[in-house]
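Topology and contacts: notes
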Amino acid sequence: MTKRKPSSPTPSPWQRRLLTDLAQLAEQHPRALQVIGRPTVDASGLATIRISLHTADVLRAEGGLALEENEELLLVLPSTELRPPWVLAPHRRFAGTPHVLEGHQLCIYLDASREWDPAGGMTAVLNRLWQWLTDAATNQFDAATALYHAVGGVLHYTLGCPTIVVREPGPHSPALTGWLTPRSEHRLDLTRRRTHAHSLRLPVLTLSHSLPYGAGGTLADLLNHIDDTHHPAKSPTTGQRGIDSYAFLRALANSARRNPQETCQYFVLAVPHRDVPTGPPFLLAGRLPTQASDRLRTATQTGTPQQLSVLPTDVREAGIEWCYLSDERPAVTTRRDAQRPTSAFHGARVHIWGCGGIGSWAAELIARAGAAHITLSDLGAPVTGGLLVRQNYDETDVGSAKATALKQRLEGIRDDLTVDVCAPPPSPALVAATQDADVIIDATVSVTVGRFLDLLAQQPGRRAVLAQMTTNTTTASLGLLTISAQDTNQGPLAIDHAVGRHVLAAPELEPYHSLWSEPEASDEIRPTRGCSVPTFHGSAADLVGVTATLVTLLGTQLRHPVSGTHLCAQPHTGVEPTHHFVPYALEPAGPSVP
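On a predicted model such as this, the values are computed, not experimentally measured, just so you know.

1. Re the pattern of salt bridges
This structure, assessed with the given rule, holds 24 salt bridges. We note a salt bridge from Asp 415 to Arg 183, for which the minimum N-O separation is 2.8 Å. Of this pair, Asp 415 sits in the loop between helix 9 (402-411) and strand 17 (418-421) while Arg 183 sits in strand 8 (residues 175-184), and the two are 232 residues apart along the sequence. Relative accessible area serves as the criterion here: at 44%, Asp 415 is assigned to the partly exposed category. Since its relative accessible area comes to 43%, Arg 183 is described here as partly exposed. A salt bridge links Arg 414 to Asp 416, with the shortest nitrogen-to-oxygen separation between them at 2.9 Å. Its relative accessible area of 57% is what places Asp 416 among the exposed residues. One network of salt bridges, with partners in common, ties together Arg 167, Arg 183, Arg 187, Asp 189, Glu 328 and Asp 415.

2. Points about the environment of Ser 8
Structurally, the position occupied by Ser 8 is in the segment before helix 1 (13-28). Among the residues examined, Ser 8 registers a relative accessible area of 57% and is labelled exposed. Sequence separation of Ser 8 and Ser 255 is 247 residues, and the distance between their C-alpha atoms is 51 Å.

3. A word on the UniProt feature "domain: THIF-type NAD/FAD binding fold" (unreviewed entry) in the protein
In the numbering adopted here, UniProt assigns the feature "domain: THIF-type NAD/FAD binding fold" (unreviewed entry) to residues 348-464. Taken end to end, residues 348-464 is 29% helix and 15% strand, and its first and last C-alpha atoms sit 11 Å apart.

4. So, the pairing of strand 11 (residues 265-271)
For strand 11, the buried fraction is high: seven of the seven residues fall into the buried class. Side chains Gln 265, Phe 267, Leu 269 and Val 271 of strand 11 all project onto a buried face; the interleaved residues Tyr 266, Val 268 and Ala 270 project onto the opposite face, where all are buried too. Note that strand 10 (residues 200-206) and strand 11 share three bridges and pair parallel. Across the sheet, the residue bridging to Val 204 is Val 268, located in strand 11.

5. Some thoughts on the nonpolar core
The nonpolar side chains of a soluble globular protein tend to be buried, and buried together. Core analysis: the largest hydrophobic core is formed by 40 residues, its most contacted members being Phe 345, Val 350, Ile 366, Ile 374, Leu 376, Leu 410 and Leu 554. Mapped onto this core, the elements with two or more residues apiece are strand 15 (349-353), helix 8 (359-368), strand 16 (373-377), helix 9, strand 18 (439-442), strand 19 (465-471), strand 20 (478-484) and helix 13 (540-558). If one sorts the elements of this core by residue count, helix 13 sits on top with six residues. Once residues lying within four places of it in the same chain are set aside, the contact partners of Ile 374 are Val 350, Ile 352, Ala 363, Ile 366, Ala 367, Leu 410, Leu 417, Thr 418, Val 419 and Asp 420.

6. So, empty space enclosed by the protein
Under the definition given, this model contains two cavities of 30 Å³ or more. In this structure, the largest cavity encloses a volume near 140 Å³. Forming the boundary of the largest cavity are 15 residues, of which Glu 168, Pro 169, Leu 190, Arg 192 and Val 204 lie nearest the centre. For the lining of the largest cavity, the secondary-structure elements that each account for two or more residues are strand 8 and strand 9 (187-191). At three residues, the largest contribution of residues to the lining of the largest cavity is made by strand 8.

7. Digging into the layout of surface pockets
Each pocket or cavity is described by its volume, and for the largest pocket that value is around 1,700 Å³. If you go around the largest pocket, you meet 50 residues; those closest to its centre are Thr 444, Val 445, Thr 470, Thr 535 and Phe 536. For the lining of the largest pocket, the elements supplying multiple residues, two or more each, are helix 11 (447-456), strand 19 and helix 12 (492-504). Looking at the lining of the largest pocket, the element that brings in the most residues is strand 19, giving four residues. In this structure, the second largest pocket encloses a volume near 980 Å³.

8. Here's the deal with the sheet that holds strand 4 (residues 86-88)
Strand order in this open sheet of six strands is 1-2-3-4-6-5, and the pairing throughout is antiparallel. Each end of this open sheet is capped by a strand with a single partner; those strands are strand 1 (33-41) and strand 5 (100-101). The pairing of strand 2 (residues 47-54) with strand 3 (residues 70-77) spans eight bridges and is antiparallel. Bridge pairing links His 54 to Asn 70 in strand 3. With respect to the sheet, helix 1 is in contact with strand 1, strand 2 and strand 3, its orientation differing from that of strand 1 by roughly 160°.

9. Describing a nonpolar patch on the surface
A cluster of nonpolar side chains, contributed by Leu 155, Tyr 157, Leu 159 and Tyr 324, occupies part of the molecular surface with about 430 Å² of accessible area. With respect to the helices and strands, the residue Tyr 157 is situated in the loop between helix 3 (121-137) and strand 7 (163-166). Given the relative accessible area of 36%, Tyr 157 is considered partly exposed.

10. A look at the environment of Ile 49
When you line up the elements, Ile 49 lands in strand 2. When the C-alpha positions of Ile 49 and Ser 343 are compared, they lie 51 Å apart, and in sequence the two are 294 residues distant. Beyond its immediate sequence surroundings of up to four residues, Ile 49 is in contact with Leu 19, Leu 22, Val 35, Ile 36, Gly 37, Arg 38, Pro 39, Leu 73, Leu 74 and Leu 75.

11. Focus: the packing of helix 4 (residues 219-227) against helix 5 (residues 245-258)
Where helix 4 contacts helix 5, the two axes come as close as 8 Å, and the packing angle between them is 135°. On the basis of their axis angle, the class for helix 4 and helix 5 is oblique. Across the interface between the two elements, Leu 219, Leu 222, Leu 223, Ile 226 and Asp 227 from helix 4 touch Ser 245, Phe 248, Leu 249 and Leu 252 from helix 5. Class assignment of the residues belonging to the contact of helix 4 with helix 5 gives a composition of seven nonpolar, one polar and one charged.

Conventions adopted
- Residues numbered from 1 in each chain as written.
- Predicted model: local features only at pLDDT ≥ 70, side-chain atom pairs only at ≥ 80, totals over all residues.
- Heavy atoms only, no water.
- Salt bridge = Lys/Arg side-chain N within 4 Å of Asp/Glu carboxyl O.
- Helix = DSSP H or I, 4+ residues; strand = E, 2+ residues; numbered from the N terminus.
- Buried < 20%, exposed > 50% of the residue type's maximum accessible area, 1.4 Å probe, protein only.
- UniProt positions renumbered as here; feature names shortened; annotations may be inferred.
- Pairing = 2+ DSSP bridges.
- Core = buried A, V, L, I, M, F, W, Y, C linked by side-chain atoms within 4.5 Å.
- Contact = heavy atoms within 4.5 Å.
- 1 Å grid on protein atoms, 1.4 Å probe; cavity = no way out; pocket = protein on both sides within 12 Å on 5 of 7 lines; lining within 4 Å.
- Points joined across faces, edges and corners; volume = space filled by probe spheres on them.
- Axes fitted to C-alpha atoms, helices over the stretch in contact; angles between N-to-C directions.
- Patch = residues over 30% accessible without salt bridge, like charges linked within 9 Å, V, L, I, M, F, W, Y side chains within 5 Å.
- Areas by Shrake-Rupley, 256 points an atom, 1.4 Å probe, with all protein chains shown as cover.
- Parallel < 35°, antiparallel > 145°, perpendicular 65-115°, else oblique.
- Nonpolar A, V, L, I, M, F, W, Y, C, P; charged D, E, K, R; others polar.

In structure tokens:
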């Protein structure tokens, strides 16, 4: 009796469809496309077929990928249409080119979830491949924006590892000592100085070349990649100093000896981009597991390792755990809101008076917009459970003063934001605010506060723009923003009265008349039985929506403010016009501007 040889895996129905399409295309275009040999299917179900493309006619440009007259490539076909096919180069000539992964995989789909449509079949795949080759040969790829280009084009991340946050610029020399400070179970902050007793020491080392094949999976792999300078894709980047494997080992061992037992030994590598060597290097963070770190400490107690071969096997072959690195250095980071109106708040000093339905949300939006300093003040009512329906607080805030609770919330949003709490208006202590702040926002709906702002508007040479924000009583879906620019000696309340007369006389603005009309008894709500103060109707969704619109409108004017009033309506109200600006002018009122 003989053992039967197991049958070879066969292509799935999806793979057969793609292979049939490929054969037909090769038959239709014999000069451009050839299929070489038969497909193979591996144990994981992936089918691979070799093809040859006639690339002699592809346009070339200086700095582009050097193509031969014909390029042989490998098409790898998943068993289902859920993933797109991918393309491998059976050589390393493409290593180091942008959008070439680990030296040999062509990244023809940058975002497969949006770019891959299986309905296109093999024709779409080949069109995509052809476009990739054309873009590469004509130097269309921007290496500076290829995020992981410096380290083989792939994300180095081990599931479960913490994220390392980097905000300080640099590194500015080939070898530095850094410190990692735990901020949470999932986060460590990298700094050049020790900031906490539990901070961990680590080496921050700069390489002289990129890592077009990636950084490897073990310590031995990494050290070999650091010393591998033979590939033409790596050597030309130098001219800048960098460390070798010996320096890496020495720095790693020195840090390990100084860190406590039973802690992972981390490191950060600064990897230059091959095509943008003068730009900021890519930062790659990894660590040795705890057991390997302890073995490294023990093995190097009597001296510094000279080379990889002297390390114990379990250290040399230890797997590296790669950490996600949140690179927030100014040189590599562009704010996602850089071109939006709220960018006007970036670096600003802002006063927010009133921390209720509008003020609490406005404060958070402005904090996220990058304000440098926010001063909060409120009339002093504590947070109650009923307010959680629509104000920016949570259960832990109940019983706290609103300004105090909001300060704590804002401080949790950004490390670099300064928040303080001052006396509620009208307080003489706030007079200086017109000179210190860039903008003062009144969200109190208090006539007294409005009168106080009118007085502040008359401060000679005042710096602050004065603004009032409010909403309507019945739905909290209409918004009103009144602005007093620095060249106007009337405050928002006086401007509001003047604009109100204009609006009430304008039939086309009738939906906004309620903002200047006394509410009927049925327009308000008494949130609890008894003598509770009537208030407006509105949900958190209403307040967030209308406040966001008002903050954005204020942002549009903050750099070149014009006194007047913005009226706005949320889309679900059906109110027209949804936005209208009435510029302020001394009597008679000026014309309205749609």
